[in-house]
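Next come the chains, spelled out residue by residue.
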Amino acid sequence: MRKVIIAILALYAAQTQAQPRWTAMQCMQYAVEHNHEVRRAELELDNYKVAKNNAAGRFLPAVDANIGAQYNFGRAIDPETNGYTNVSTFYNGYSVQALLPVFDGFSRLHALKAAKAGVLMGHQALRQQQNLTALNVLQAYVNVAYDEGMVKMAQEKLQETELLLRQTRLLEEVGRKSAADVALVESQHAEADYEVTRQQNLLAAALLELKKEMAYPLTDSIAVVLPFSFVDAVSFVDADLKSASHKPGISNPLQQKDTGAQPFCSPLHPALQQAQYQVETSKHEWNQARAALYPTLSLSAGLSTTYYKTLHTENAQSFAKQFSNNMGEYVGVTLSIPIFNRMQTVGNIRKAKNNYQKACEAFEQKHAELEKLSREAWLDWQGYLKQTVQMEKKVEADSLAYQLTYHQYEEGLSTAIDLQNTSAQLLHSKATLLQCRLMAMVKEQLVRYYQGITIWTE
């Protein structure tokens, strides 16, 4: 099974080396264009636009055309004599009518304003979903980078243990090391070999998660820009963001100094704007509900004509002559005054007012929530920047300690356990430094996100 896994990973490595590597920006842009949640937000935005067009169309007159036909059998009224007849007749009617509301308590106006606010809210919802998708992809991308760095370090550790094992066996042959020392180093070598396989499995899982977040075909291979050494762990991700680092509000996380200033959540944040437009929409819907208390005035006009024929007779006028002679026109004005509709209007107004107040509360809650998250992201960013500096010093110190212990081991002044401990400490420090650098980059992008800056476009 181990050979099969190694063969699969070797095949993957050969494929990824032959294809172009994706930067973090390219991954985020691909995800924004293909993510299913983003597509749903785009369709929802189109629904808002349709609602806006429908609201604007209510200012236009409504025009209807009707055509009817009927056969009368037995007793009926003769339209020529206006008397009763018992013969079978055929009746055909045509009409065109138009209706134009003149005043409706500004209901249509508030409906149009609510629809416009809905379109703006849909734009912000789409933008918010795009940003969230980009952040999820960025986190998955960083996980791949971290696992790739861990694989690289595990492979380096395996090479070191192989070299140490050969050296220990030579020292055993000359009598400077015992069989117990060889067995202990062999155990360390087996553990390092296992760690390489484990980290490779974690890397494969991280790549699968990245494909899922990107909506990338899971059966297709993908290669990302990754460092060959842990010290370059942040440069490969930040390189494609450097073009944006000269824009207002954007800076390089490894060069930024803690000025003590903490940014507030920007009013341009899409989630906050979305809540604000929801307040505006609810307010217009409340006004629209109150418009039902006012009388409505509308104009109407129309044309109508008929054709009549008594069956089984040849004395009927022609269709063209009746169509012209029976033509009639009308113009009307209708005033409707609401008096009592079983408390429906009052209930709708109260419900709309509650929805408006709920939207206001949701806006305040979202503002406080984003403010808290913005400050947390800033503190995390500054914390990881400081930890990066500290871990760089620790890696340097642990590296010197490992080299010293290694020379002492060669001279017989330290044991294999001492060497293993210092090696494990150095590996842990390197991994922590890699994590701090990557997380500093992620938190910097999160700070930009809370400042209302789009992070997935250059």
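Just so you know, these numbers come straight off a predicted model, no measurement behind them. (Residues numbered from 1 in each chain as written. Predicted model: local features only at pLDDT ≥ 70, side-chain atom pairs only at ≥ 80, totals over all residues. Heavy atoms only, no water.)

### Some thoughts on the overall build of the chain
Next, step 1: Helix and strand counts for the chain come out as ten helices and eight strands.
Next, step 2: Within the chain, buried positions represent 40% of all 458 residues.
Next, step 3: Expressed as a percentage of contacts within the chain between residues at least 6 apart in sequence, the contacts between residues at least 24 apart total 83%. (Helix = DSSP H or I, 4+ residues; strand = E, 2+ residues; numbered from the N terminus. Buried < 20%, exposed > 50% of the residue type's maximum accessible area, 1.4 Å probe, protein only. Contact = heavy atoms within 4.5 Å.)

### Side note on empty space enclosed by the protein
Next, step 1: What the rule picks out here adds up to three cavities of 30 Å³ or more.
Next, step 2: Around the largest cavity sit Met 153, Glu 156, Lys 157, Glu 160, Tyr 402, Ser 423, Leu 426, Leu 427 and Lys 430, which together line it.
Next, step 3: When the residues that make up the lining of the largest cavity are grouped by side-chain class, the tally is four nonpolar, one polar and four charged. (1 Å grid on protein atoms, 1.4 Å probe; cavity = no way out; pocket = protein on both sides within 12 Å on 5 of 7 lines; lining within 4 Å. Points joined across faces, edges and corners; volume = space filled by probe spheres on them. Nonpolar A, V, L, I, M, F, W, Y, C, P; charged D, E, K, R; others polar.)

### Overview of the nonpolar core
Next, step 1: The biggest cluster of nonpolar side chains holds 48 residues, and the ones touching the most others in it are Trp 22, Leu 210 and Met 214.
Next, step 2: Counting residues per element, the ones that place at least two in this core are helix H2 (24-34), helix H4 (107-173), helix H5 (179-214), helix H7 (270-290), helix H9 (344-410) and helix H10 (416-450).
Next, step 3: Residues within four places of Leu 210 in sequence aside, it is in contact with Val 137, Ala 140, Tyr 141, Val 144 and Val 224.
Next, step 4: Core analysis: the next-biggest nonpolar cluster, separate from the first, contains 14 residues, Val 185, Tyr 406, Tyr 409 and Leu 419 among them. (Core = buried A, V, L, I, M, F, W, Y, C linked by side-chain atoms within 4.5 Å.)

### A closer look at the confidence of the model for the chain
Predicted coordinates in regions of low pLDDT should not be interpreted in detail.
Next, step 1: On average, residues of the chain carry a pLDDT of 84, and 86% of them reach 70 or more.
Next, step 2: With pLDDT under 50 throughout, residues 227-261 is counted as low confidence; its partners more than four residues away or in other chains account for 66 contacts. (pLDDT = per-residue confidence, 0-100.)

### Let's talk about the packing of aromatic side chains
Next, step 1: In total, this model carries 14 aromatic pairs according to the counting rule given.
Next, step 2: Seen from their ring centres, Phe 103 and Phe 106 are 5.5 Å apart, and the 85° between their planes marks the pair as edge-to-face.
Next, step 3: Here Phe 103 falls in the partly exposed class, since its relative accessible area comes to 30%.
Next, step 4: A relative accessible area of 49% places Phe 106 in the partly exposed class.
Next, step 5: Taken together, the ring pairs in this structure connect Tyr 71, Phe 90, Tyr 94, Tyr 307, Phe 319 and Phe 323 into an aromatic cluster.
Next, step 6: For Arg 290, the ring lying beneath its charged end belongs to Trp 286, and the centroid distance is 4.5 Å. (Phe/Tyr/Trp six-rings, centres within 6.5 Å; stacked < 30°, edge-to-face > 60°. Lys NZ or Arg CZ within 6 Å of the ring centre and 35° of its normal.)

### Topic: a positive patch on the surface
Next, step 1: Taken together, the side chains of Lys 49, Lys 52, Lys 113 and Lys 116 make up a positively charged region of the molecular surface.
Next, step 2: Listing elements by their share of the positive patch, those giving two or more residues are helix H3 (36-57) and H4.
Next, step 3: Residue classification places Lys 52 among the partly exposed residues on the basis of a relative accessible area of 32%. (Patch = residues over 30% accessible without salt bridge, like charges linked within 9 Å, V, L, I, M, F, W, Y side chains within 5 Å. Areas by Shrake-Rupley, 256 points an atom, 1.4 Å probe, with all protein chains shown as cover. Salt bridge = Lys/Arg side-chain N within 4 Å of Asp/Glu carboxyl O. Lys, Arg positive; Asp, Glu negative; His and termini not counted. Charge placed at Lys NZ, Arg CZ, Asp CG, Glu CD.)

### Re the pattern of salt bridges
Next, step 1: In the structure shown here, the tally under the stated rule is twelve salt bridges.
Next, step 2: We note a salt bridge from Lys 394 to Asp 398, for which the minimum N-O separation is 2.9 Å. Here the residue Lys 394 and the residue Asp 398 both occupy positions in helix H9, the gap between them amounting to four residues, near one helical turn.
Next, step 3: Look at Lys 394 and you get partly exposed, because its relative accessible area is 29%.
Next, step 4: Accessibility expressed as a relative area gives 13% for Asp 398, which makes it buried.
Next, step 5: Connected through shared salt-bridge partners, Glu 209, Lys 212 and Glu 213 make up one network.

### Some points on the environment of Ala 401
Next, step 1: Along the chain, Ala 401 falls in helix H9.
Next, step 2: With a relative accessible area of 32%, Ala 401 lands in the partly exposed category.
Next, step 3: Placed 18 residues apart in sequence, Ala 401 and Leu 419 show a C-alpha to C-alpha distance of 9.6 Å.

### Structural notes on unusual backbone geometry
Next, step 1: Of note, the phi angle at Phe 106 is positive, near 65°, even though the residue is not glycine.
Next, step 2: Following the sequence through the fold, Phe 106 ends up in the loop between strand E5 (89-103) and H4.
Next, step 3: In this structure, Arg 342 is a non-glycine residue whose phi angle is positive, near 60°.
Next, step 4: On the secondary structure map, Arg 342 appears in the loop between strand E8 (328-336) and H9.

### Digging into a nonpolar patch on the surface
Next, step 1: A surface patch of nonpolar side chains, about 880 Å² in accessible area, is lined by Phe 59, Leu 100, Val 102, Phe 103, Phe 106, Leu 109, Leu 293, Tyr 294, Leu 299 and Val 333.
Next, step 2: Take the nonpolar patch: its biggest share by element is three residues, from E5.
Next, step 3: As for its placement among the helices and strands, Val 102 is situated in strand E5.
Next, step 4: Judged by its relative accessible area of 42%, Val 102 is partly exposed.

### Digging into the packing of H4 against H9
Helices that pack against each other are described as a pair by the angle of their axes relative to one another and the distance between those axes.
Next, step 1: Two numbers describe how H4 lies on H9: the axes approach to 12 Å, and their chain directions differ by 20°. Viewed along their axes, H4 and H9 adopt a mutual orientation that is roughly parallel. Regarding H4 and H9, the two cross each other, and that crossing is right-handed. Contact residues: H4 offers Glu 160, Leu 163, Leu 164, Gln 167 and Thr 168, while H9 offers Tyr 402, Tyr 406, Tyr 409 and Glu 410.
Next, step 2: For the contact of H4 with H9, the per-class residue count stands at five nonpolar, two polar and two charged. (Axes fitted to C-alpha atoms, helices over the stretch in contact; angles between N-to-C directions. Parallel < 35°, antiparallel > 145°, perpendicular 65-115°, else oblique. Left-handed = near helix turned anticlockwise from the far one by under 90°.)

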